[in-house]
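Listed below, chain by chain, are the residues.
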Amino acid sequence: MRLFQDQWPFGDLQPHSFDFIMADPPWRFAVRSEKGEGKSAQAHYKTMPLDEINAMPVLDLAAPNCTLWLWCTAPMLPQQLTTVTAWGFIYCTEGVWVKMTKHGKVSFGTGYGLRGSHEPFIIAKRGEPTLTRSTRSVIHGKVRDHSQKPEEAYHEAERLMPRANRLDLFSRTDRTGWTAWGDEAGKFGEAA
């Protein structure tokens, strides 16, 4: 069942107008114990079940030639690949954000089997977007507030498609050159 088939969930965003979409959906997944609940995503912001995320008409935001940068979580990567397809994009490749401390060391958090020091992302496409060949699959960036993505990723996205009309879907930070959308848009203020 398409939850959004009769309504436009994106407010004033114009259909088919974005060449580049960076999306950080509020993934909901079960924690292994009550102890983990305080560190979970749902302890920090409203989350959505996978079927609701997959039902969002994200393809209707995309220009005919569009790149999708989808932030993922290592434990849910197989399910998040279904999101790429559900949104109407074709998987191209993946990359990782290596999480760094403010002292320049590799950070680590909780994990499922391994202690997490990175966050994966998927690059997918609609049509044939023009990408530069300058962005690498590994991005090093500082860990900040829960789920706040590194500025280095946004710089790399801008290098990947320098003249794109860019959307930050499920955004929590305002930044020049990007349209921000989400129920917490602007929470972290203006990007540095």
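Structure: above.
Calculation rules
Residues numbered from 1 in each chain as written. Predicted model: local features only at pLDDT ≥ 70, side-chain atom pairs only at ≥ 80, totals over all residues. Heavy atoms only, no water. Salt bridge = Lys/Arg side-chain N within 4 Å of Asp/Glu carboxyl O. Helix = DSSP H or I, 4+ residues; strand = E, 2+ residues; numbered from the N terminus. Buried < 20%, exposed > 50% of the residue type's maximum accessible area, 1.4 Å probe, protein only. Pairing = 2+ DSSP bridges. Axes fitted to C-alpha atoms, helices over the stretch in contact; angles between N-to-C directions. Contact = heavy atoms within 4.5 Å.

Novice: Explain the pattern of salt bridges to me, and be specific about the residues and the numbers.
Specialist: For the coordinates displayed, the defined rule picks out seven salt bridges. Among the ionic pairs, Glu119 bridges to Lys149, the shortest N-O distance being 2.9 Å. Of the two residues, Glu119 is situated in strand β4 (residues 118–126) and Lys149 in the loop between β5 (138–142) and α4 (151–160); the sequence distance between them amounts to 30 residues. With respect to burial, Glu119 and Lys149 carry one shared label: buried. Taken together, the shared-partner salt bridges in this structure form one network comprising Asp24, Lys99, Glu119 and Lys149.

Novice: Could you give an account of the sheet that holds β5, with specific residues and numbers?
Specialist: An order of β5-β3-β4-β2-β1-β6-β7 is seen for the seven strands of this open sheet, with the pairing classed as mixed. On the outer flanks of this sheet lie β5 and β7 (178–181), each paired with one strand and no other. Taken over all neighbouring pairs, the strand axes of this sheet differ in orientation by 25° on average, direction set aside. In terms of strand pairing, strand β3 (residues 90–100) meets β4 through eight bridges, oriented antiparallel. Considered in β4, the bridge of Tyr91 is made with Ala124. Sheet contacts for helix α3 (residues 77–86): β2 (62–71), β3 and β4; angle to β4, the most-contacted strand, approximately 25°.

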